[in-house]
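Listed below are the residues making up each chain.
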Amino acid sequence: MFDYTIRRTLLAIPTLLFISLILFLLLDLAPGDPTAQLPLTIPPEVKEKIRESLGLGQPLVIRYLLWLQQFFVNEPLHYLTEITGWDLSGDRQRVLSWQSRSPVVDIILQRLPQTLWVVGMSYVVGVLIALPIGIISAYRQYSWFDQIGTFVSMIGFSVPTFFTGVLLIVVFSVELGWFPSIYDTTHVVDDWSSFLFQVKQMIMPTMVLALYNAAQISRFMRASMLDNLNQDFVRTARSKGLRESTVVLVHVLRNSMIPVVTVIALGVPTVFGGAIITEQVFKVNGLGQLLITAIQANDIPMVQSLTFIFAILIVAFNLIADVLYGVLDPRIRYD
Amino acid sequence: MSPQIEQEASQPLVEVNSLKVYFPIRSGVFRRHSGNVRAVDNVSFSIGHGETMGLVGESGCGKTTAGRAILRLVPITDGTIKFRGKDVASASPEGMRKMRPQMQMIFQDPQASLNPRMTVASIIAEPIKEHQNLGRSETIERVQELMDAVGLNRDFANRYPHEFSGGQKQRIGIARALALNPDLIVCDEPIAALDVSIQAQVVNLLADLQSSRKLSFLFISHDLGMVRHIADRVAVMYLGQIVELADRDDLYANPSHPYTEALLSAVPEADPEYERSRRRILLTGDVPSPSNPPTGCNFCNRCPKAFDRCFRDEPALKEISEGHLAACHLFDNS
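Residues numbered from 1 in each chain as written. Chains lettered and ligands numbered in written order. Predicted model: local features only at pLDDT ≥ 70, side-chain atom pairs only at ≥ 80, totals over all residues.

(A) The overall build of chain A, seen in detail. Across its full length, chain A holds 12 helices and zero strands. Going residue by residue from the N terminus, the α and β elements of chain A occur as α-α-α-α-α-α-α-α-α-α-α-α. Taken along its principal axes, the extent of the C-alpha atoms in chain A is 85 × 60 × 40 Å. Residues counted as buried form 31% of the 335 residues belonging to chain A. Considering only residue pairs separated by 6 or more positions, chain A has 70% of its internal contacts joining residues 24 or more positions apart. (Helix = DSSP H or I, 4+ residues; strand = E, 2+ residues; numbered from the N terminus. Buried ≥ 20, exposed ≤ 12 C-beta atoms within 10 Å, placed from the backbone. Contact = placed C-beta atoms within 7 Å.)

See below:
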């Protein structure tokens, strides 16, 4: 298992390099000009100078290799410098955003907490809702509970978040006035009342996304439980005279969790990716919002770095899911 | 002899009385109850202490369902199952759970019947932990005893089921069934999924365990030769009903019901001389659907000896000679 993990990690390096090249080429091929939004009063030759100062005059290969060096060498060195205090990075160039001229990674780190709080919490809440619903739906297949669960899942799955989000805002912010419609990122939690406000402003974006996540995961859980409920070993467990709760929670659930855990692990990168639409609806300035504004502004270093970080997370969680599968299921062996 | 023991000796271990297991068919948009699959339809028999009852029949005749119903692993529609005088069919869930240690089952598919995420030791130990208050070391000791009893190497205790061969897996299943010293074991085609060379080993193991532990078996199989080898009495099922029930030798020597005759005529003979002279009775037609059995005798549409009454009246299972029961109008004197 350890060898397998190491081998997969090593294999991930060429995969990621290839992904970064594809991303770079895609962004380069895409139409758009970072100076397009500058005022028309700026003369064309000045605009050309600005483009050159952004490095756009260089050939494609040089720009790609420069980005690689900045992202894989300069950024880690800069962090080591910050942590240890030794001057390792010197005056090495970091990856800069074309919008703000500040380092891309610093901006991402500023935005990360909002995304993790809102989107991450919605994922946790979604899983916590989905698992019991999936288990009960399967155990009482075709009961009223199951029918309602199926219906709600279908709604959660098919109704887009920009609709449910706005609907919640209309109902709970405009009509009832219970929750704020805009997520205030500058809010600082330092006492009980500010904590309550934080909870209040998180509820709507979290629940919108949680509904969507729960809809998917509860379906997986239900299907996986149904697969196992009719297995012979469950009948064996009953014939042993075990309590029904032991039969369901130990024999059925543990075996059913194997595929579900994989699905949950594979969904984690989407948390970091942010929920672009939901963040827009509730004005959460997280990673999703950062990405969409960077795309609008043709901020190629920012888009390139963000999408590449998502790629790293996806590759990493694929590996984690595979390893978890091996840990949970004794029949799977990686040699 | 105390009166209780005396009573116990005279009473059969299991007494099944007009057992019915119907599975509802639901159809349409609102899943209305539109009919029943009569998997087991009015079946009665008994199993004595230390006896092996063979239950034979073709696929889908309800023999597995009957076996499961005795352990109440399927919902019972009607009838009674007296186990040591206590009714299994109407026991409360908790009461049923308390009775389970005395009645166990060996399943047809040894792979599927073992939880893939549990080690052999934990599979065998689980019922012990649930029903007996043994210490940790005693439990381990008991597990090892059981593994010895079924001929499994003790060193394999911490392996997972998928690491074993089919025959070994079935031994794990047997050890698990024996863990609580049951009185009755329902063997649901325990050898059907095994190689012929392994089948004999497993059947001999079962026979050895029976004589050393005074077990009663309900041996469900479609292998007539194997049933002849192990069973004391044999019941033949067709379409959810018992058509003939007799002592083994009696049944194999004088099959009375036309279905039993046809079934036995299909058994190949080992001796080429006999095999050449064997006359097969070939049945025509298909088994009717158990959701819509024919009126009259269930077997009437395929029976070579059917006459007008068979299409009208349902025959009852009754004694045609000492200890030999058959459900057929041919034996009605009236």
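(B) Fine view of the domain arrangement of chain A. Residues and elements named next belong to chain A. In terms of domains, chain A is made up of domain 1 (35-97) and domain 2 (104-328). Placing the centre of domain 1 and that of domain 2 at their C-alpha centroids yields a distance of 36 Å. In this complex, domain 1 contributes eight residues to the contact, which on the side of domain 2 involves 10 residues. Among the residues making up the side of domain 1 that touches domain 2, the classes are represented as five nonpolar, two polar and one charged. (Domains from an automatic or database assignment. Nonpolar A, V, L, I, M, F, W, Y, C, P; charged D, E, K, R; others polar.)

(C) Representation of the interface of chain B and chain A within the structure. On the chain A side, the residues contacting the 22 residues of chain B number 17 residues. Counting residues per element, the ones that place at least two in the side of chain B that touches chain A are strand S6 (103-106) and helix H4 (120-131) of chain B. Residue contributions to the side of chain B that touches chain A peak at four residues, all from H4 of chain B. Of the residues contributing to the side of chain B that touches chain A, the split by class is 10 nonpolar, five polar and seven charged.

(D) Spotlight on the sheet that holds strand S11 (residues 318-321) of chain B. Residue and element names in this part refer to chain B. Pairing within the open sheet is mixed, and its eight strands lie in the order S6-S7-S8-S3-S9-S10-S12-S11. Across the chains shown, the open sheet's two edge strands, defined by having one partner strand only, are S6 and S11. Strand after strand, the sheet turns through a mean of 25° between neighbouring axes, direction not considered. Where helix H2 (residues 63-70) meets the sheet, its contacts fall on strand S3 (52-56), strand S7 (184-188), strand S8 (216-221) and strand S9 (233-238), and the angle it forms with S8 comes to roughly 155°. (Pairing = 2+ DSSP bridges. Axes fitted to C-alpha atoms, helices over the stretch in contact; angles between N-to-C directions.)

(E) Broad picture of the sheet that holds strand S1 (residues 14-27) of chain B. Residue and element names in this part refer to chain B. Spatial ordering of the open sheet is given by S2-S1-S4-S5, a layout of four strands whose pairing is antiparallel. Of all strands in the sheet, those bounded by a partner on one side alone are strand S2 (32-47) and strand S5 (86-87). Bridging between S1 and strand S4 (residues 78-83) involves five bridges; their strand directions are antiparallel. Within S4, the position partnered with valine 14 by the bridge is phenylalanine 83. Contacting S1, S2 and S4, H2 crosses the sheet at an angle of about 115° to S1.

(F) Region of interest: unusual backbone geometry. Residue and element names in this part refer to chain B. Unlike most non-glycine residues, arginine 72 shows phi in positive territory, near 50°. Note that arginine 72 resides in the loop between H2 and S4. You can call arginine 72 buried: it has 21 C-beta atoms within 10 Å. One non-glycine residue, leucine 239, adopts positive backbone phi at about 50°. On the secondary structure map, leucine 239 appears in the loop between S9 and strand S10 (241-247).

(G) Representation of helix H5 (residues 144-158) of chain A. Residue and element names in this part refer to chain A. With 15 residues, H5 extends 21 Å from end C-alpha to end C-alpha; this agrees with the ideal 21 Å at 1.5 Å per step. Of all the positions in H5, only Gly149, Ser153 and Gly156 are classed as buried. The buried residues of H5 occupy an angular sector of 65° when the element is viewed end-on, so they sit on one face. The exposed set on the far side of H5, more than 90 degrees from its buried face, consists of Trp144, Ile148, Phe151, Met154 and Ser158. Elements in contact with the buried residues of H5: helix H4 (104-139) and helix H7 (192-229). (Expected span 1.5 Å × (residues − 1). Arc of directions from axis to C-beta.)

(H) Region of the structure containing the environment of aspartate 308 of chain B. Residues and elements named next belong to chain B. Within the fold, aspartate 308 resides in the loop between helix H11 (272-277) and S11. Look at aspartate 308 and you get exposed, because 10 C-beta atoms sit within 10 Å. A sequence separation of 207 residues divides aspartate 308 from proline 101, and the C-alpha atoms of the two residues are 49 Å apart.

(I) Highlighting the packing of H4 of chain A against H7 of chain A. All names here are of chain A. The contact between H4 and H7 brings their axes to 5 Å, and the two run at 35°. Handedness of the crossing formed by H4 with H7: right-handed. Its residues assigned to classes, the contact of H4 with H7 shows 24 nonpolar, seven polar and one charged. (Left-handed = near helix turned anticlockwise from the far one by under 90°.)

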